[in-house]
Structure formats: structure tokens, C-alpha cells
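Chains, contacts and geometry: an overview
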Amino acid sequence: MKRIGFLSFGHYQDVPGSFVRTAGDALLQTVELAVAAQELGVDGAYVRVHHFAPQLASPFPLLAAMAARTSTIELGTGVIDLRYENPLYMAEEAAVTDLISGGRLQLGISRGSPEPALNGYEAFGYVPGEGRSDADDARQKAAIFRAAIAGSGMVDADPRMAGHSGRLAIEPQSPGLGERIWWGSGTRATARWAGEQGMNLMSSTLLTEDTGVPFDELQAEQIGIFRKAWADAGHQGTPRVSVSRSVLPIVSDADRHYFGLRSQRDGKDQVGNLEGVRSRFGKSYIGEPDVIAAQLAADAAVQEADTVLVTVPNQLGVEYNAELLENLVTLVAPAAGWR
């Protein structure tokens, strides 16, 4: 049994053919798609966070709106770029949103991915210190954030106001949120670190390393390293693992029109340099439902994961994407052995 979620990047652009022309369109339609997905039996509604781009940027107001309109579906991020965040303010926002949702928040966090801005986080006021990298800062912020949502004292109390000289925790607190934090990992080394830290693992369709083996095999190796690190560190329970995939069943003429040609171009892994690092991009699964179901059933990383996040072409609108998710849940998932 696999949990199935959708992942929206929330693209918006005023161009011919787009059903999502403004930021308002992207936000409101994301809420509506979460409602539709819950009705279809989809397990999760996740949003990608980007800055300085016409995409979703501020996750917590959006997630709170999604929470207010739904009741059972998981709500999450894939991922929040910690380089841009104040970890204590984020802890407050996360706790509030989780309380509104009734404990359904699944937060993916990480150092972030390549972006159009050059050191954009510095414009937000976060400049790495001497001898530190942006990745160092992201990990430190992750530690502060996790301590804050766990209820640790984060600041000395003023005895004149608080009546004591102890430490104060952020408020509110949302019990259990700390167990629902995921680290977005693009390498085997960062997956090992995530396991050592006791976070869940979120792995996308991009790995910023390449060993020459197919993407799914490299990602399955990454998952195995993560789980071993988790166990070796002595953490209790079983960690969750999600992988992202582009899955586009061809069922209608509209599907064929939009994605028929892509099945030839995107049906294999791609290898290239990203930020000076040789990286491997996973292939898309596009075609007849029974064919791509068989391909997904043979995907080594999908088989290892408990959650599959399917990226959606959000600019095609809510109605189209709801039909895509319905086809995924009814035609692909059972044949792939997910349901």
C-alpha cells in the first residue's frame, strides 16, 4: 500500500493556454485541487516553495487555507528552502498551521534547490558567516526549528515579566509535529545525514550526483543508506520515505494533445551539470495506464518508498488535474500494486 500525493509547483503565467495566469489563480486553485484530491481518495497535497519566481512562495498561509477546506488529506511541502527562513518564526507558523489542520502537516525542509536568484537568501537578510556555507546555515536552522517545535526553551525569560528566570519555548506548540519533518535530500550523503538526525526522507526526481546506474537504482541506494543510518543512530519507530515522479496517464485526446510527444523525449533519464555538479534527472512515466503501471511497479525506488508524490501540470487547471489524479488512483495505482 502506497500513500499517493500530488506535488504542485504552483506555476502562474499570463500566456495563451494557461488556466493559471496570476498568483491569485495559483493559490486559490491549489486549495481547490486539495479539496478535489481528498474527495478522490488521494492521500496528500503538497506544494513546492520557490522564491523570486512566478511560483508558490509562502507556504503557511496556503497550507492553512487548504487545512480549513479539508479534513483528512495530508498537507505538506516539498520543500521549504531553509536558507530563506527565520527558524523560530517558521516554528510558530508551522505549529499554528498544524493545529488548524488537526495534525495533518508533513513538512519537507532542506537547503533548497537551484534557483533564478543569485544568493537570493542574502536579500532576505541571511548571509552565511565567515567560513560557513549556505548548506551549513540550513542545517543549523533545521536544528533550531526542530528544537523549537519540540518545546525546548529558546530564550531566557525576563523574571520581571515571567515571574521566573528559566527558558521560554515558542507558542503555540503542536504535539507530534516534530515526527512529521522530512529532509529533502539530493545525494546519498545528505540522506545518511537525515537518517542520523532522525528525520523522514524526501527524494525528488533529481539527484545531484551520478554513478552511471539508472536513476531509480541510485535513488533506491540512497533510501537504503538513509534507513541504515536511521537504525544505526538508534532512533525509535519507522521513518517514512517519499519519492517524486512525473506520471501522466494517456487516457483522453486532451492527454494525448498535451503529453503525447513528451513520452518520446522524457521517457528516459537525463544526465547534465547543475551548479557545476554532474546530476541525474529521473524519467517521466507517460503513456497508457497499464504500460506505465508496469514500469512503475519495476521502479526500484518507488518500491522502496512508502509515499509517492506525483507532480501535476498545475497550469492546466483544477478540472484537468483532478481528472489526472482520478486516472492515477483508479487506473494506475491498482495495476502498479499501490492500492
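Everything here concerns the structure above.
Turning next to the overall build of the protein chain. The helix and strand tally for the protein chain stands at 13 helices and 15 strands. For a compact globule of 339 residues, the expected C-alpha radius of gyration is about 20 Å, and the protein chain comes in at 20 Å, within 12% of that figure. Taken across its 339 residues, the protein chain has 49% of its residues classed as buried. The long-range fraction of contacts in the protein chain, counting pairs at least 24 apart against all pairs at least 6 apart in sequence, stands at 71%. When the accessible surface of the protein chain is summed, it comes to about 15,100 Å², and 53% of that surface belongs to carbon and sulfur atoms. When the 29 positive and 41 negative side-chain charges of the protein chain are each reduced to one mean point, those points stand 4 Å apart.

Okay, empty space enclosed by the protein next. Within this structure, the stated rule accounts for three cavities of 30 Å³ or more. Estimated volume of the largest cavity: approximately 80 Å³. Lining the largest cavity, in full, are Ser8, Val20, Asp25, Ala26, Gln29, Thr30, Leu33, Asn314, Gly317, Val318 and Asn321. Looking at the lining of the largest cavity, the elements that each hand over two or more residues are helix H1 (23-40) and helix H13 (318-336). Examining the composition of the lining of the largest cavity, we find that five residues originate from one element, H1, more than from any other. Tallied by class, the residues present in the lining of the largest cavity amount to four nonpolar, six polar and one charged. Size it by volume and the second largest cavity reaches roughly 60 Å³. As for the second largest cavity, its lining consists of Arg48, Val49, His50, His51, Asp81, Tyr84, Gly112, Ser113, Pro114 and Glu115.

A separate point is unusual backbone geometry. In this model, Gly78 is joined to Val79 through a cis peptide bond whose omega is 10°. Turning to its location among the elements, Val79 is positioned in strand S3 (residues 74-81). For Phe52, which is not glycine, the phi dihedral falls at a positive 55°. Structurally, the position occupied by Phe52 is in the loop between strand S2 (44-47) and helix H2 (59-69). A positive phi angle, near 50°, is found at Asn119, a position not held by glycine. Here Asn119 shows up in the loop between strand S4 (105-110) and helix H4 (120-123).

Calculation rules
Residues numbered from 1 in each chain as written. Predicted model: local features only at pLDDT ≥ 70, side-chain atom pairs only at ≥ 80, totals over all residues. Heavy atoms only, no water. Helix = DSSP H or I, 4+ residues; strand = E, 2+ residues; numbered from the N terminus. Rg over C-alpha atoms; globule rule 2.2 N^0.38 Å. Buried < 20%, exposed > 50% of the residue type's maximum accessible area, 1.4 Å probe, protein only. Contact = heavy atoms within 4.5 Å. Areas by Shrake-Rupley, 256 points an atom, 1.4 Å probe, with all protein chains shown as cover. Lys, Arg positive; Asp, Glu negative; His and termini not counted. Charge placed at Lys NZ, Arg CZ, Asp CG, Glu CD. 1 Å grid on protein atoms, 1.4 Å probe; cavity = no way out; pocket = protein on both sides within 12 Å on 5 of 7 lines; lining within 4 Å. Points joined across faces, edges and corners; volume = space filled by probe spheres on them. Nonpolar A, V, L, I, M, F, W, Y, C, P; charged D, E, K, R; others polar.

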